[in-house]
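Spelled out, the chains give:
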Amino acid sequence: GINMRVTRILWVLCAVIALCGCSRAEQPVWETVADAYLLPANAAPAYDASIQLDGNTPLAEVFSDLSSRVYSDTEGRYEVAVETIMADSLAQLVRELTGFSLDQLDVLQRQQDGMMRYDMAWSAVSEDGNQSCRAAVIDDGLFYYVLTAQIPQELSAQCRSEVEAVFQSFSLTVHSA
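Rules of the game
- Residues numbered from 1 in each chain as written.
- Predicted model: local features only at pLDDT ≥ 70, side-chain atom pairs only at ≥ 80, totals over all residues.
- Heavy atoms only, no water.
- Salt bridge = Lys/Arg side-chain N within 4 Å of Asp/Glu carboxyl O.
- Buried < 20%, exposed > 50% of the residue type's maximum accessible area, 1.4 Å probe, protein only.
- Helix = DSSP H or I, 4+ residues; strand = E, 2+ residues; numbered from the N terminus.
- Core = buried A, V, L, I, M, F, W, Y, C linked by side-chain atoms within 4.5 Å.
- Arc of directions from axis to C-beta.
- Pairing = 2+ DSSP bridges.
- pLDDT = per-residue confidence, 0-100.
- Phe/Tyr/Trp six-rings, centres within 6.5 Å; stacked < 30°, edge-to-face > 60°.
- Lys NZ or Arg CZ within 6 Å of the ring centre and 35° of its normal.

Peer 1: Just to check I follow, could you spell out the pattern of salt bridges for this structure?
Peer 2: As enumerated under the stated definition, the model contains six salt bridges in all. Among the salt bridges present, the one from Asp73 reaches Arg77, with a minimum N-O distance of 2.7 Å. Residues Asp73 and Arg77 agree in their burial class; the two are buried. For the salt bridge of Arg134 with Glu164, the shortest nitrogen-to-oxygen distance reads 2.7 Å. Separated by 30 residues along the polypeptide, Arg134 in strand S7 (residues 129-139) and Glu164 in helix H3 (residues 156-169) bring together distant segments of the chain. Residue Glu164 is classed as partly exposed on the basis of its relative accessible area of 28%. A single salt-bridge network, built from bridges that share partners, covers Asp73, Glu75, Arg77 and Glu162.

Set out below in structure tokens:
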């Protein structure tokens, strides 16, 4: 009776302890995975982004540095910017540019000179009121070349053909050192 039960319980306990003792405690192996592609410090864009400025709709350069140029219509009706940007992904870039995620925008994708070009439009509110915004992004696989335009909504119909001409002219040329 009782001795037999105690003996069985002791055998079960011994078996459990023996099995636990057989498993070796190992340090977990952690693998490091980087989400970002690390570039050499001297990585430079292979292309220069350019737009054609129509003589009928002159744009004045109001700001410029190594990676961006901002132009304003001489009548102050709209502003366009040409920038070269590094971002982790197109989705991150679009979020930073527009405030929207990629799936919230209608994005037109097409090939331009062997690279992907993405065009999108959205509305935004600024201190100056409602703005009609538009962007074109060319991806060379390392850098994003970006053209953006901002137009007060009440002037968007009036400026449509001028801004369309700027976007049609948006292109890349091989960077000359």
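Peer 1: For this particular structure, what's the right way to read the nonpolar core?
Peer 2: For soluble globular proteins, the rule of thumb is that nonpolar side chains tend to be buried together. The biggest cluster of nonpolar side chains holds 20 residues, and the ones touching the most others in it are Ile51, Val80, Tyr145, Leu147, Val163 and Phe170. Secondary structure elements with two or more residues in this core: strand S4 (79-85), S7, strand S8 (144-152) and H3. Counting 14 residues, the second largest nonpolar core, distinct from the first, contains Val94, Tyr118, Cys133 and Val146.

Peer 1: What's the story with helix H2 (residues 90-98) in this structure? I'm lost.
Peer 2: Within an α-helix, residues lying three or four positions from one another point in the same direction, as the helix has 3.6 residues per turn. Listing the buried residues of H2 in full gives Leu90, Leu93, Val94 and Thr98. The buried residues of H2 all sit within an arc of 105° when viewed along its axis, so they share a single face. Gly99 sits one or two positions beyond H2 and adopts a positive phi of about 85°.

Peer 1: So what exactly am I meant to see when it comes to the pairing of strand S6 (residues 115-126) here?
Peer 2: Regular strands place side chains that alternate from one sheet face to the opposite one. Two elements, strand S5 (residues 108-112) and S6, share five bridges in a ladder whose sense is antiparallel. In the strand pairing of S6, Gln112 is matched with Met115. In this antiparallel pair of consecutive strands, S5 and S6, the connection spans two residues, and Asp113 shows a positive phi of 55°. Of the pairings in the sheet, the one linking S6 to S7 comprises 11 bridges and is antiparallel in character. Along S7, the bridge assignment pairs Tyr118 with Val137.

Peer 1: So what exactly am I meant to see when it comes to the pairing of S7 here?
Peer 2: A large share of S7 lies buried, amounting to eight of its 11 residues. Hairpin connection, S6 to S7: the antiparallel pair is bridged by two residues. Direction of pairing for S7 relative to S8: antiparallel, over a ladder of nine bridges. Bridge pairing links Asp139 to Tyr144 in S8. Hairpin connection between S7 and S8: a loop of four residues separates the two successive antiparallel strands, and Gly141 in this loop has a positive phi of roughly 95°.

Peer 1: What is the right way to read unusual backbone geometry from this model?
Peer 2: Trans peptide bonds make up most of the peptide bonds, and negative phi angles are found at most residues other than glycine. Its identity as a non-glycine residue notwithstanding, Asp113 has a phi of 55°, on the positive side. A residue is classified by how much of its surface remains accessible, and Asp113, at 60% relative accessible area, is exposed.

Peer 1: Before we go on, may I ask you to explain the confidence of the model for the chain in this structure?
Peer 2: Caution is warranted with low-pLDDT regions, since their predicted coordinates should not be read in detail. Put simply, the chain has an average pLDDT of 81, and 72% of its residues get 70 or more. When pLDDT is averaged over each element of the chain, S5 comes out on top at 96 and helix H1 (residues 2-22) at the bottom at 61.

Peer 1: I tried to follow the packing of aromatic side chains on my own but got confused; where do I start?
Peer 2: Here the distance between the centres and the angle between the planes together describe a pair of aromatic rings. According to the stated counting rule, one finds one aromatic pair in the structure shown. With 6.1 Å between their ring centres and 85° between their planes, Tyr47 and Tyr145 make a pair best called edge-to-face. Taken together, the positions of Tyr47 in strand S1 (residues 47-50) and Tyr145 in strand S8 put the pair 98 residues apart, joining distant regions of the chain. Over the face of the ring belonging to Phe167 we find Arg134, whose NZ or CZ atom lies 4.1 Å from the ring centre.

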